[in-house]
Amino acid sequence: NQPNKGEPADTAPSLFISIFTNVILGTLEQRHSALFFLFFLCVTAMATATKAEGPFTGEPRMVFLGTGSSSSTPNPMCIASSLHQPKVPASSPSGQEQDTQGTQGSAWHCGWAIGEQSNVAACTACTDALKNPNSRNYRGNPSMLLQLPSLADSSKPVNILFDIGKTFSESVKRFFPKLGIEGVDAVVLTHDHADAVLGLDDLRSVQASAPSPTVKPASMPSICTSTRIYCSDQTHRVLKRVFGYIVPDEPLAEASSGELSREPSAEVDTNTQPEKKSKPHQPSRFVSKVDVLISAHLDETGSTQLPPPFSIEGLEIQPVPLLHGGTYICLGFTFTINRSFIVYLSDVKLIPEITMAHIQRQPIDVLVLDCLFPDRKHSSHMCLQESIETVKLLQPKRAILVGMNHEIVYEELAASLAEQKVPAEPGFDGLEIVF
């Protein structure tokens, strides 16, 4: 039960069939044409059967909703910076734009040529992503959706979302209709940075709702059931400050114990729910509805102890501490699906000894690993060379690189990794792995 290679549902089968059709057309004239034709049909059938195309079919799967950095790709800087670049007169000796601001050609500059406004060389990844929304260079904030068969009805999925960043709303529009995803049952957070939590306000768009019985117009929706958020005590503290109108002051429970410290949020009309007394001037409004379960007490354990595991719909998830710049602790996660051991390290600079010991205790089937820059280092993220070294150390059967910024071009990195015989591949938004 090894994970299968994920390919876009709209490109891989057609390409596969096209190649084999050409082969078959040539071989049909041969003596053993019937045998070749049967082989073609069998291989095509297997390729279709092992792919997760469209809605959930009952097999567990991981869907990468975002594989980019916090700035995403196309990077807004690429679009905006070109507007501030001086235009070179046609009589310029070089025939090219002069870099009077001293930014062109630097590692941090990337301009996007828009009409006649700029001559600055376009960033390859951003240009491709702008021209083609289905490009593998089009990347949202790091996020993954895990779909498991429900314990109550195995034909229906339980949707577990890992991180809900700034591009969550866009991910919903891009992938939920195509994959038949109707909602999110649980959100597991790695840390409190913007690219991991700022989509929390848009969670309401995928929560079950019904018309409000008390507010006019009657079609105004009201959230029916709260969504459980699994996060560390440090992340909860930040969420209370940033999303005071959504996140309860007290957690519902310890994620590992399942024992409730208070009653779950009642099914209240969020349109008429009064605001907290500390904010009497705030009007009531339609907002996401959540309950918080603490997945790790980082204030107490830091990066020297493993937090206890917790379960969602029968899946045991082990939080692991990671260093995400200096002493700042981010969470990674490990879990096992159909005997495949998955290690999810989306935001990491250094792996503490306690975490390294845990993830090396058994062979890794799928490693999801941070990889920000292609050719230099960063203070809080692994970059390409560090990611390659980590992959070689851990020796997973398959490694998916995520968190890539706009300087990384999917096709170039994929070719480079293959040439170096590194068992890793750049991820892309919409990548599916079926177990």
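Nothing here was measured: the structure is a model prediction, and the numbers come from that model. (Residues numbered from 1 in each chain as written. Predicted model: local features only at pLDDT ≥ 70, side-chain atom pairs only at ≥ 80, totals over all residues. Heavy atoms only, no water.)

### Description of the overall build of the protein
Link 1 in the chain: Along the backbone of the protein there are 11 helices and 17 strands.
Link 2 in the chain: The buried share of the protein, taken over its 435 residues, is 51%.
Link 3 in the chain: Of the contacts formed within the protein by residues at least 6 apart in sequence, a portion of 68% connects residues at least 24 apart.
Link 4 in the chain: Of the accessible surface of the protein, which amounts to about 20500 Å², a share of 55% is contributed by carbon and sulfur atoms. (Helix = DSSP H or I, 4+ residues; strand = E, 2+ residues; numbered from the N terminus. Buried < 20%, exposed > 50% of the residue type's maximum accessible area, 1.4 Å probe, protein only. Contact = heavy atoms within 4.5 Å. Areas by Shrake-Rupley, 256 points an atom, 1.4 Å probe, with all protein chains shown as cover.)

### Structural notes on the packing of aromatic side chains
Link 1 in the chain: Scanning the entire structure with this criterion turns up seven aromatic pairs.
Link 2 in the chain: Relative to Phe176, the ring of Phe168 has its centre 6.4 Å away and its plane inclined at 85°; by these criteria the two rings are edge-to-face. The same class applies to Phe168 and to Phe176, which are both buried.
Link 3 in the chain: With 5.0 Å between their ring centres and 10° between their planes, Tyr230 and Phe310 make a pair best called stacked. Within this pair, whereas Tyr230 is found in strand E7 (residues 227-232), its partner Phe310 is found in strand E10 (residues 310-312), the two being separated by 80 residues in sequence. Per residue, the accessibility class of Tyr230 equals that of Phe310, and both read buried.
Link 4 in the chain: Taken together, the ring pairs connect Phe162, Phe333, Phe335 and Tyr344 into an aromatic cluster.
Link 5 in the chain: It is Arg136 that lies over the ring of Phe428; its NZ or CZ is 4.0 Å from the centre.
Link 6 in the chain: Cation over ring: Arg376 sits above Phe373, and NZ or CZ is 3.7 Å from the ring centre. (Phe/Tyr/Trp six-rings, centres within 6.5 Å; stacked < 30°, edge-to-face > 60°. Lys NZ or Arg CZ within 6 Å of the ring centre and 35° of its normal.)

### Quick notes on helix H7 (residues 233-242)
Link 1 in the chain: Turning to H7, its buried residues are Asp233, Gln234, Thr235, His236, Val238 and Leu239.
Link 2 in the chain: Looking at the buried side of H7, the elements it contacts are helix H6 (194-197), E7, strand E9 (290-296), helix H8 (298-301) and strand E12 (329-337).

### Side note on the sheet that holds strand E14 (residues 366-370)
Link 1 in the chain: Across the sheet, seven strands lie side by side as E10-E11-E12-E13-E14-E15-E16; this open sheet has mixed pairing. Edge positions in the sheet fall to E10 and strand E16 (425-426), since each of these pairs with one other strand and no more.
Link 2 in the chain: By the bridge criterion, five bridges tie E12 to strand E13 (residues 340-345) in an arrangement that is antiparallel. When the sheet's bridge partners are listed, Phe333 is paired in E13 with Tyr344. (Pairing = 2+ DSSP bridges.)

### As for the sheet that holds E9
Link 1 in the chain: The strand order across the open sheet formed by eight strands is E8-E9-E7-E4-E3-E2-E1-E17, and the pairing between neighbours is mixed. Two strands bound the open sheet, and with one partner strand each, they are strand E8 (253-254) and strand E17 (432-434).
Link 2 in the chain: Pairing analysis gives five bridges linking strand E1 (residues 61-66) to strand E2 (residues 143-149), with the strands arranged antiparallel. By the bridge assignment for E2, Phe64 is matched with Met144.
Link 3 in the chain: Lying on the sheet, helix H5 (residues 168-179) is in contact with E1, strand E3 (157-162) and E17; it crosses E1 at an angle near 140°.
Link 4 in the chain: Relative to the sheet, H7 contacts E7 and E9, its axis offset from that of E7 by approximately 120°. (Axes fitted to C-alpha atoms, helices over the stretch in contact; angles between N-to-C directions.)

### Re the nonpolar core
Link 1 in the chain: Ranked by internal contacts, the top residues of the largest apolar core, which has 38 residues, are Phe64, Leu146, Phe162 and Phe335.
Link 2 in the chain: A per-element tally of this core places E12 first, with five residues.
Link 3 in the chain: Those residues within four positions of Leu146 in sequence are excluded, and the remaining contacts are Arg61, Met62, Val158, Asn159, Ile160, Phe162, Leu315, Phe335 and Ile337.
Link 4 in the chain: Counting 29 residues, the second-largest nonpolar core is a separate cluster that includes Val63, Leu189, Val206 and Val290. (Core = buried A, V, L, I, M, F, W, Y, C linked by side-chain atoms within 4.5 Å.)

### A short note on unusual backbone geometry
Link 1 in the chain: Following Thr73, the chain continues to Pro74 via a peptide bond in cis, the omega torsion being 10°.
Link 2 in the chain: Relative to the helices and strands, Pro74 is located in the loop between E1 and helix H3 (76-81).
Link 3 in the chain: Of note in this structure, Asn338 is not a glycine but carries a positive phi near 50°.
Link 4 in the chain: Counting through the fold element by element, Asn338 comes out in the loop between E12 and E13.
Link 5 in the chain: On the basis of relative accessible area, Asn338 is assigned to the partly exposed category, the value being 37%.

### Thoughts on the pairing of E3
Link 1 in the chain: Within E3, five of the six residues are buried, which leaves the element mostly enclosed by the surrounding structure.
Link 2 in the chain: Pairing geometry for E2 and E3, over six bridges, is antiparallel. What sits directly across from Leu145, in E3, is Leu161.
Link 3 in the chain: In this sheet, strand E4 (residues 186-188) lies alongside E3 in parallel orientation, the contact comprising three bridges. Across the sheet, the residue bridging to Phe162 is Val188, located in E4.
Link 4 in the chain: In this fold, the crossover linking E3 to E4 by way of H5 has right-handed handedness. (Right-handed = clockwise from strand over helix to strand, strands pointing away.)

### Examining empty space enclosed by the protein
Link 1 in the chain: Counted by the stated rule, this structure contains three cavities of 30 Å³ or more.
Link 2 in the chain: If you add up the space inside the largest cavity, you get close to 40 Å³.
Link 3 in the chain: Residue lining of the largest cavity: Leu65, Asn141, Pro142, Ser143, Asp163, Ile164, Gly165, Thr167, Phe168 and Ser171, and that is the complete set.
Link 4 in the chain: Classifying every residue of the lining of the largest cavity gives four nonpolar, five polar and one charged. (1 Å grid on protein atoms, 1.4 Å probe; cavity = no way out; pocket = protein on both sides within 12 Å on 5 of 7 lines; lining within 4 Å. Points joined across faces, edges and corners; volume = space filled by probe spheres on them. Nonpolar A, V, L, I, M, F, W, Y, C, P; charged D, E, K, R; others polar.)

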